[in-house]
Amino acid sequence: MEEATFILAVNNDLIRLGLKCIIHDQIQSSAIHTASTKLELHSLLLSNSDAVVILDFDSLDIDHLDEVAALSGVFPQSNWLFLGDNPDETFLMPLTASFGKANYILKTNESDVITTAILATATGKKFYCSEALQIIMDGHNRKKENSTKRNLLTTTELELIQLLAQGKTAKEIAELRCLSHHTINTHRKNIFRKLDLNNVQELTKFALKNGLIDLTEYYI
């Protein structure tokens, strides 16, 4: 492979050393820089805009994925490989949705997986370890299933889900909407049947995942 420039944004000495060994073994003429902070990473990218960035997200002073996505936007020629401890859907799904040139592996992956990921990233190819891929696929399937279920609901049922998830009783909802208690209970049964849910707790999770209620308002 041709010469490449790497930036190791990793604060673990052992991991950093292991990555250097793999890079030197696979890419003979490669420059390797290290960054311990977000500021150092930005500074290195200024002079190495087409670098391959290997980033341990949790070990740097980075609060949100959007900060890294912004850096990627400023340096569009850069390619990114994220290192993780545990594959997490709340991190991986936004990563795949908003970060076009990012790959992901676990720190505990075998050396051949890490090597393949580094080479793929350096050549602009996509690579996710099998553990991450499974979580991403599960997340997309769940999202598709929830979307399909949501399409089964009427406008009235969607409005009732919001009220039920906010903790209102059937009696309170009946009074609020000027309907009979029996009508609200019928709607409630239909909602649970369509969504294949058993209780209000499960209904609340569905409402949160589908944006029917706001998470901050729910906890307030």
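The coordinates are above.
The structure presented is a predicted model; accordingly, all values stated were derived computationally and were not measured. Starting from 1, residues in each chain are numbered consecutively following that chain's sequence as written. A pLDDT threshold of at least 70 governs which residues receive local features in this predicted model, and a stricter bar of 80 or more applies before side-chain atom pairs are shown or counted, although totals over entire chains, interfaces and linings include all residues. Computation of side-chain values covers all heavy atoms of the structure but excludes hydrogens and water.

**Q** If you had to explain the pattern of salt bridges to someone new, which residues and values would you point to?
**A** Put simply, a salt bridge is a Lys or Arg side-chain nitrogen that is within 4 Å of an Asp or Glu carboxyl oxygen. Taken as a whole and assessed by the stated rule, the structure comprises 6 salt bridges. Between Lys107 and Asp56 there is a salt bridge whose closest N-O contact spans 3.0 Å. Residue Lys107 is found in the loop between β5 (102-106) and α5 (111-122), and its partner Asp56 is found in strand β3 (residues 52-56); the two are separated by 51 residues along the sequence. Burial here depends on accessible area, computed with a 1.4 Å probe over protein chains only, as a share of the maximum for the residue type. Under 20% is buried, over 50% is exposed, and the range in between is partly exposed. According to the relative accessible area criterion, Asp56 is buried, its value standing at 3%. A run of DSSP states H or I qualifies as a helix once it reaches four residues; a run of E qualifies as a strand once it reaches two. Both are numbered from the N-terminal end.

**Q** Please give an account of the packing of aromatic side chains that cites residues and values.
**A** Within 6.5 Å between ring centres, the rings of Phe, Tyr and Trp (the latter by its six-membered ring) count as paired, and their orientation is classed by plane angle as stacked under 30 degrees, edge-to-face over 60, tilted in between. Taken as a whole and judged by the stated rule, the model has 5 aromatic pairs. Between the aromatic rings of Phe82 and Phe99, the centroid separation amounts to 5.5 Å while the plane-to-plane angle is 85 degrees, which identifies the pairing as edge-to-face. One end of the pair, Phe82, is in strand β4 (residues 79-84); the other, Phe99, is in the loop between α4 (89-98) and β5, with 17 residues separating them in the sequence. Across the pair, Phe99 and Phe82 agree in class, each one buried. Counting every residue linked through ring pairs, the aromatic cluster contains Phe57, Trp80, Phe82, Phe91, Phe99 and Tyr104.

**Q** Can you break down helix α1 (residues 13-26) residue by residue, with the values?
**A** A helix is expected to reach a length of 1.5 Å times the quantity of its residues less one. Counted at 1.5 Å a residue, the expected span for α1 with its 14 residues is 20 Å, and the 20 Å between its end C-alpha atoms agrees. Packed against the buried residues of α1 are β1 (4-9), β2 (30-34), β3, β4 and α5. Polar contacts here mean pairs of N or O atoms no more than 3.5 Å apart (in protein, one a potential hydrogen donor and the other a potential acceptor; neighbouring residues in sequence count only if both atoms are side-chain atoms). Near the N-terminus of α1, the side chain that reaches the backbone nitrogen of Leu14, with its oxygen 3.0 Å away, is that of Asn12. Note on definitions: a residue-residue contact is assigned when non-hydrogen atoms from the two residues lie within 4.5 Å.

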